[in-house]
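So the chains spell out like this:
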Amino acid sequence: MASARLQTLHLAMAANTTPGLQITAVKQCTSASRCLSKLSNVDFGFEIKSRSCTELKSSSYVSLTKLDQSYNSVSVKYERMVPKAMPVASDNAPVSGLPIDLRGKRAFIAGIADDNGYGWAIAKALAAAGAEILVGTWVPALNIFETSLRRGKFDESRVLPDGSLMEIAKVYPLDAVFDSPEDVPEDVKANKRYAGSSNWTVKEVAKSVKQDFGTIDILVHSLANGPEVSKPLLETSRKGYLAAVSASSYSFVSLLRHFLPIINPGGASISLTYIASERIIPGYGGGMSSAKAALESDTKVLAFEAGRKQKVRVNTISAGPLGSRAAKAIGFIDMMINYSLENAPLQKELYAEEVGNAAAFLVSPLASAITGATIYVDNGLNAMGIGVDSPAFEGLDIPKDNKS
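Just so you know, these numbers come straight off a predicted model, no measurement behind them.

A. Inspection of the side chain of Thr 273 at higher detail. Position of Thr 273 relative to the elements: it lies in strand β9 (residues 263-273). Exposure remark for Thr 273: the relative accessible area of 4% places this residue in the buried category. One polar contact links Thr 273 to Glu 296, side chain to side chain, over a distance of 2.8 Å. Ignoring sequence-local partners within four residues, the contact set of Thr 273 consists of Lys 292, Leu 295, Glu 296, Thr 316, Ile 317, Ser 318, Ala 319 and Thr 374.

B. Molecular detail of helix α11 (residues 352-362). For α11, the buried fraction is high: eight of the eleven residues fall into the buried class. Ala 352, Glu 354, Val 355, Gly 356, Ala 358, Ala 359, Ala 360 and Leu 362 are the residues of α11 that are buried.

C. Structural context of unusual backbone geometry. Phi is positive for Asn 199, close to 55 degrees, though the residue is something other than glycine. By relative accessible area, which is 40% here, Asn 199 ends up partly exposed. If you check the backbone angles, Asn 379 has positive phi at about 65 degrees while not being a glycine. By the secondary structure assignment, Asn 379 is in the segment after β11 (374-377). Overall, Asn 379 belongs to the buried group, its relative accessible area being 8%.

D. Summary view of the nonpolar core. Leu 126, Ile 133, Phe 145, Ile 168 and Ile 317 are the most contacted members of the largest nonpolar core, which has 43 residues in total. The biggest single contributor to this core is helix α3 (residues 118-128), with nine residues. Every residue in contact with Leu 126, bar those within four places of it in the chain, is listed here: Leu 102, Ala 107, Ile 109, Ala 131, Ile 133, Ile 218, Val 220, Ala 360 and Val 363. Counting 27 residues, the second-largest nonpolar core is a separate cluster that includes Leu 134, Ala 206, Ile 263 and Val 312.

E. Examining the confidence of the model for the protein more closely. Taken residue by residue, the protein gives an average pLDDT of 82. The fraction at 70 or more is 73%. Low pLDDT (under 50) marks residues 22-81, which in the prediction has 143 contacts with non-local residues, meaning those over four places away or in another chain.

F. Just the packing of helix α8 (residues 238-259) against helix α9 (residues 288-310), in detail. Close contact between α8 and α9 brings their axes to 9 Å; oriented N to C, the two are set at 15 degrees. When the axes of α8 and α9 are compared, the pair comes out roughly parallel. Note that α8 runs across α9; the crossing there is right-handed. Residues Tyr 241, Ala 244, Val 245, Ser 248, Ser 249, Phe 252, Val 253 and Leu 256 of α8 form the contact with α9, whose own contacting residues are Met 288, Ser 290, Ala 291, Ala 294, Leu 295, Asp 298, Thr 299, Leu 302 and Ala 306. Of the residues in the contact of α8 with α9, the class split is twelve nonpolar, four polar and one charged.

G. Fine view of the pattern of salt bridges. Evaluation of the coordinates by the stated rule reveals nine salt bridges. A salt bridge links Arg 158 to Glu 167, with the shortest nitrogen-to-oxygen separation between them at 3.5 Å. Lys 348 serves as the salt-bridge partner of Glu 354, at 2.8 Å between the closest nitrogen and oxygen. Looking at Lys 348, the relative accessible area reads 13%, which means it is buried. Three or more residues joined by partner-sharing salt bridges are found here, namely Asp 155, Arg 158 and Glu 167.

Conventions and cut-offs
- Residues numbered from 1 in each chain as written.
- Predicted model: local features only at pLDDT ≥ 70, side-chain atom pairs only at ≥ 80, totals over all residues.
- Heavy atoms only, no water.
- Helix = DSSP H or I, 4+ residues; strand = E, 2+ residues; numbered from the N terminus.
- Buried < 20%, exposed > 50% of the residue type's maximum accessible area, 1.4 Å probe, protein only.
- Polar contact = N/O pair within 3.5 Å; in protein donor to acceptor, adjacent residues only side chain to side chain.
- Contact = heavy atoms within 4.5 Å.
- Core = buried A, V, L, I, M, F, W, Y, C linked by side-chain atoms within 4.5 Å.
- pLDDT = per-residue confidence, 0-100.
- Axes fitted to C-alpha atoms, helices over the stretch in contact; angles between N-to-C directions.
- Parallel < 35°, antiparallel > 145°, perpendicular 65-115°, else oblique.
- Left-handed = near helix turned anticlockwise from the far one by under 90°.
- Nonpolar A, V, L, I, M, F, W, Y, C, P; charged D, E, K, R; others polar.
- Salt bridge = Lys/Arg side-chain N within 4 Å of Asp/Glu carboxyl O.

Set out below in structure tokens:
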């Protein structure tokens, strides 16, 4: 009888859990080169057995089914498990565990122009959690991006954990360097790369989104540009420095300023920053380190102002190096990836989806008390004071990943 009562209680608890997302985990061979990945299931469920009172206080449990895998790579291998948000089969089915549920939410993501950067990964994570996705794409890249979407070139990248394809409700032309039409110089208006597009300044895009959808819940800033990024700061011109700050940090201020009136109270906004804001990264020049420092400082001030005015949370993610097309402009991104592999506390390559997962958490109700924060998603590299691969440490017993 006691066992039956406990089973009944356990079933009731399972039935009352919040619908949202299941979690799977990706076991991958991690190296500076891309490796194959497969899925192994992580079942966050409720065990229908008699349990002690202590156990019933936390009735969720995790059972992990490992799949035997082997990988061939010429580089050092590291295996990892990457949690991935996965929508349930039915919107009405209860889900056990602690869900990230963004169903009924709408996200505008500024800065997606291809399928291999952090912006794309964030869009996929939010879509997997149930959010509707709107995208703002740099005007000169708009035609190529929309053509690639239409012809199915991104279909493989669009696959969500449940097998469906990420849908983008609408793609808007956007150049976040310009706040309003009055700010656009004549040479840009006459530029052939802008021909055929209209209403692409920040103010106009916010107005268009309002006309099309009414409101949004999530604003993502995934924009950065430094025309003189390869130059040392001492050789950076005033024009190049200000251009970096304008495109990489003030653009976030402008986006939030113009979108805030249509962000529902309780909504969230995030941006992407880099550790060069607070540490010296030789080669990351042209005023970009200053722009990232400004972005992080602005995040705190905007968190206060947007929080008081609209109950909107504002955070930024300090992401580690990723070999995206945009990052190739820096010129030494592969060296930074290898440096992180050698020196970060977690000796593994950082994947875009890990940043996407962090973003999904930050904009979800699970992070309802987090605002004004810089969240590091870099395998812990930010915590290091010195590179342990330095010859100065030769002979010392430096711990290495036991998978190496």
